[in-house]
Amino acid sequence: MPEKPAIFGGRPVVRKLTTGNKYGSEEIKLLKEAVQSGILFSAEGTRVKEFQKEFAKFFGAKYAVAVSSGSAAIHAAVGALGINPGDEVITSPISDMGSIIGVLYQNAIPVFADVNPDTHTIDPKSIEDKITKKTRGIIAVHLMGLSCDMDPIMAIAKRHKLWVVEDCAQSYLSEYKGRLNGTIGDIGCFSLQESKHMSAGEGGILITNEIDLYKKAALYGDKCYYRDGSGRNPVFLAPNYRMTELQAAVALAQLKKIKEVVNAYREVASSLTGRITGINGVKTINLPKGYKHSYYLYAFKIDVDTMGITAPEFGKALIAEGVPVRLDYDKLLLYAYDLFLNKSAYGKSKCPFECHYYGKKIEYRMGICPNAEKALQDTVVLITSRFWTDNDVEKIAEAIRKVAGYYLKRRRDYDL
Ligand SMILES: *Cc1c(COP(=O)(O)O)cnc(C)c1O
């Protein structure tokens with residue numbers, strides 16, 4: 001008789017998980033120096049410039065532009081690439097709004113391609129199906145630390161003359177066939193929001209090898225103010241997405257640790273995979289060949305049919321056992337938001353979706369990306385921590401085994 005799950009009043013398996021502070025003395029030292037310098041404004045200070053230089057160097061890229069968030073980085077990227085009202089941009093339906101906020105602010109149209117059911121990243125074949133005369137670019141979201149299949153995506157882009165932005169907010173140091181994510185497309189965008197592998201509370205940065213893209217992206221994040229002494233004369237509309245010297249001070253300290261941090265996430269993930277592989281009804285993610293995961297989140301699938309429950313229900317049972325689960329994972333389906341279903345981005349105008357610049361109507365409704373919708377029902381997403389010990393991981397595996405065992409037995413008894 002399997003033990004009673006905590007969700008039905010049993011004893012939780014996980015008591016207390018090891019935690020830690022990702023900020024420390026190095027951040028404090030650099031912050032203090034920033035404050036003592038008397039300048040916290042990027043155009044006059046040295047730290048944002050230094051962070052850009054160090055970040056670009058770390059990735060082997062020529063240029064970097066630091067901004068106030070990951071969403072801002074993507075907005076500056078699509079702006080630099082020359083997006084126009086009514087342009088279509090193909091992207092993944094499973095993501096954070098940050099992937100497409102910039103597209104919408106430019107009055108362009110996000111078009112959602114379906115995902116690969118195993119990896120939950122965008123499926124190149126589906127991208128191809130969605131290309132129209134209006135398509136200008138692709139935003140490839142490397143979800144949870146796992147790269148999109150970049151070779152076919154770059155080939156499609158080349159064939160159709162599209163740009164490619166890599167959304168690396170969740171995938172610092174993840175790799176695709178020996179290349180770091182962020183260095184494959186035209187521009188790679190990163191977030192420094194609190195939850196990411198590298199953080200300054202908030203913040204973002206983009207990298208590119210093209211000087212023109214670099215210059216234009218810098219203008220897009222800085223009110224289109226030229227900082228080269230040529231005078232103030234904005235030629236296009238651009239927001240103020242500037243990063244402060246305080247953020248850059250913390251970011252510089254975080255950059256020094258990023259390898260160590262990602263490795264710690266990888267160790268936790270590999271230990272967990274080892275322990276839950278073979279549990280009945282649970283399926284770990286098959287890492288495609290040539291991919292290196294960075295495990296911003298840890299996903300596994302459950303066999304919904306043999307267990308008779310969906311992943312969100314399984315997740316609730318795990319939370320009762322004391323396991324941190326991302327319960328809103330099934331809410332990350334972008335086109336299911338009212339903003340799209342009601343086309344209410346800009347008041348009552350229905351712009352950009354039915355705007356005359358677009359010249360046609362786009363339809364957003366449930367069912368347009370069936371693989372994505374199914375993936376959100378069979379995938380459990382754990383919020384892992386790099387501070388977890390082997391003992392923590394063992395307890396979590398035990399909780400997963402217990403919950404899976406309970407539901408499998410319940411289903412079998414029910415069938416008898
Ligand atoms: C966090 C995130 C963003 C946005 O980053 P912010 O810094 O929160 O604006 C964009 N895309 C993905 C996939 C993210 O996870």
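Above this text is the structure in question.
Residues numbered from 1 in each chain as written. Predicted model: local features only at pLDDT ≥ 70, side-chain atom pairs only at ≥ 80, totals over all residues. Heavy atoms only, no water.

Draft legend 1. Up close: the pattern of salt bridges. Taken as a whole and judged by the stated rule, the model has 23 salt bridges. The residue glutamate 3 makes a salt bridge to lysine 402 at a minimum N-O spacing of 3.9 Å. One end of the pair, glutamate 3, is in the segment before helix H1 (25–37); the other, lysine 402, is in helix H13 (residues 390–415), and 399 residues separate them in sequence. Classification of glutamate 3 as partly exposed rests on a relative accessible area of 47%. For arginine 275, the salt bridge identified is with aspartate 390, shortest N-O distance 3.9 Å. With arginine 275 in helix H8 (residues 245–276) and aspartate 390 in helix H13, this residue pair connects regions lying 115 residues apart in the sequence. Residues joined by salt bridges that share partners form a network here, namely Glu3, Glu321 and Lys402. (Salt bridge = Lys/Arg side-chain N within 4 Å of Asp/Glu carboxyl O. Helix = DSSP H or I, 4+ residues; strand = E, 2+ residues; numbered from the N terminus. Buried < 20%, exposed > 50% of the residue type's maximum accessible area, 1.4 Å probe, protein only.)

Draft legend 2. Geometry of the pairing of strand S9 (residues 204–208). Burial runs high along S9: five of the five residues are buried. Across the two faces of S9 the burial is the same, with Gly204, Leu206 and Thr208 and Ile205 and Ile207 all buried. Here strand S1 (residues 63–67) pairs with S9 via five bridges, running antiparallel. Within S9, the residue paired with alanine 64 across the bridge is isoleucine 207. (Pairing = 2+ DSSP bridges.)

Draft legend 3. Representation of the nonpolar core within the structure. The biggest cluster of nonpolar side chains holds 73 residues, and the ones touching the most others in it are Ile139, Leu206 and Tyr364. Counting residues per element, this core draws most heavily on helix H3 (residues 70–80), at seven residues. A domain-level breakdown of this core finds at least three residues from each of domain 1 (25–257) and domain 2 (259–329 + 373–415). If near-sequence neighbours (up to four positions away) are discounted, isoleucine 139 is found in contact with Ile74, Val78, Val89, Ile90, Thr91, Ser92, Ser99, Val103, Trp163, Val165 and Asp167. (Core = buried A, V, L, I, M, F, W, Y, C linked by side-chain atoms within 4.5 Å. Domains from an automatic or database assignment. Contact = heavy atoms within 4.5 Å.)

Draft legend 4. Region of the structure containing the site of the ligand. Within the structure, the ligand sits among 15 residues, and Gly70, Ser71, Asp167, Ser191 and Lys196 are positioned closest to it. Contact distances for the ligand include 2.7 Å between a nitrogen atom and a side-chain N or O atom of aspartate 167. Contacts to the ligand include glutamine 170, whose side-chain N or O atom sits 2.8 Å from an oxygen atom. Protein burial of the ligand: of its 380 Å² of free accessible surface, 91% is covered by the chains. A breakdown of the residues in the shell around the ligand according to their chemical character gives two nonpolar, 10 polar and three charged. (Near = heavy atom within 4 Å. Polar contact = N/O pair within 3.5 Å; in protein donor to acceptor, adjacent residues only side chain to side chain. Areas by Shrake-Rupley, 256 points an atom, 1.4 Å probe, with all protein chains shown as cover. Nonpolar A, V, L, I, M, F, W, Y, C, P; charged D, E, K, R; others polar.)

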